[in-house]
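# A look at the structure
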Amino acid sequence: MDDGFGNRSASRSAQTFEIVNGQAKVKTVATHTDIVNVDGSRSVADGSVDGVVTYTYGDRDGKKGILIGAESTTAGVTVMDDGFGNRTSSRSSQVFEIVNGQAKVKTVTTHTEVNNLDGSHTLAEGSVDSVVTYSYGDRDGKKGILIGAENTRAGVTVMDDGFGNLTTSQARQEFKIMNGQAKLSKSVTASKTENLDGSKSWMGLEGKGQAMEVNYRYYGEAGFPADNSQ
């Protein structure tokens, strides 16, 4: 996958099967993702873990061998190197629901850790995983389509600069549904810094200062061309 600017993501999926009522059914799907960006940042094998989803089948409503469950049995971990040796590790686990016989992602929980060459790093204490919840419904004659996405729990990261000065950052996201996909529409980041010398500063956290807001627009929206070639 090329994003149109030369940044590339490659996803590799491996499946195992089981025979249910004489049919081959997918039992597990293991997905591995590699990312190579034009700025030199990339995913690295060291520490990366393939995400595994396991499916279960059974009888329901007089039907045999239908999909009745899906579980993220192994959380996927991607380790990113920014090209200078600073590493960000993201672990994502999913919860699924069955909608019209298909496994749909209900929630995605993301945990992020950062380790930089200058000694700054995230701390487990005070950090909170981000959770995004998806909802499905019927629209325009179609059933079980994605109709909403909500950041039901904001992610919190506590960073130590390597000298004991701590910065707590809270990131909250808002989404819009475009062409059946959840797209980021706004991100709001608030933070607080507490230094060893007793000084403190705020950027929107605890109601002090102003949080940073970033709004996203996409090709094809009102006032924008259909693609970046126009």
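A quick note: this is a predicted structure, and the numbers were derived from the prediction, not measured.

### Side note on the layout of surface pockets
Space inside the largest pocket adds up to approximately 1,200 Å³. Surrounding the largest pocket, 25 residues form its lining, Thr33, Thr78, Ser92, Gln94 and Val108 being those nearest its centre. Among the elements of the structure, β2 (23–36), β3 (42–49), β4 (51–60), β5 (63–74), β6 (76–81), β7 (87–99) and β8 (102–115) are those that each provide at least two residues to the lining of the largest pocket. Partitioned by chemical class, the residues of the lining of the largest pocket number nine nonpolar, 15 polar and one charged.

### What about the environment of aspartate 82?
One can find aspartate 82 in the loop between β6 and β7. Sequence-wise, aspartate 82 and valine 53 are 29 residues apart; in three dimensions their C-alpha atoms are separated by 29 Å. Leave out the neighbours within four places in its chain, and aspartate 82 touches Asp39, Gly40 and Ser41. Within the structure, aspartate 82 has its side chain in polar contact with the backbone nitrogen of glycine 85 (distance 3.4 Å). A polar contact of 2.8 Å, which involves the side chain of aspartate 82, links it to the side chain of asparagine 86.

### Brief notes about the side chain of serine 72
Relative to the helices and strands, serine 72 resides in strand β5. When neighbours within four sequence positions are excluded, serine 72 is seen to be in contact with Val52, Val53, Ser93, Gln94 and Phe96.

### Some details on the pairing of strand β11 (residues 142–153)
Where strand β10 (residues 130–139) meets β11, seven bridges bridge the pair, whose relative direction is antiparallel. Paired with glycine 137 across the strands is isoleucine 145, a residue of β11. Turn length for the β10-β11 hairpin, with the two strands adjacent in sequence and antiparallel, is two residues, and the turn residue aspartate 140 shows positive phi of about 55°.

Procedures and definitions
- Residues numbered from 1 in each chain as written.
- Predicted model: local features only at pLDDT ≥ 70, side-chain atom pairs only at ≥ 80, totals over all residues.
- Heavy atoms only, no water.
- 1 Å grid on protein atoms, 1.4 Å probe; cavity = no way out; pocket = protein on both sides within 12 Å on 5 of 7 lines; lining within 4 Å.
- Points joined across faces, edges and corners; volume = space filled by probe spheres on them.
- Helix = DSSP H or I, 4+ residues; strand = E, 2+ residues; numbered from the N terminus.
- Nonpolar A, V, L, I, M, F, W, Y, C, P; charged D, E, K, R; others polar.
- Contact = heavy atoms within 4.5 Å.
- Polar contact = N/O pair within 3.5 Å; in protein donor to acceptor, adjacent residues only side chain to side chain.
- Pairing = 2+ DSSP bridges.

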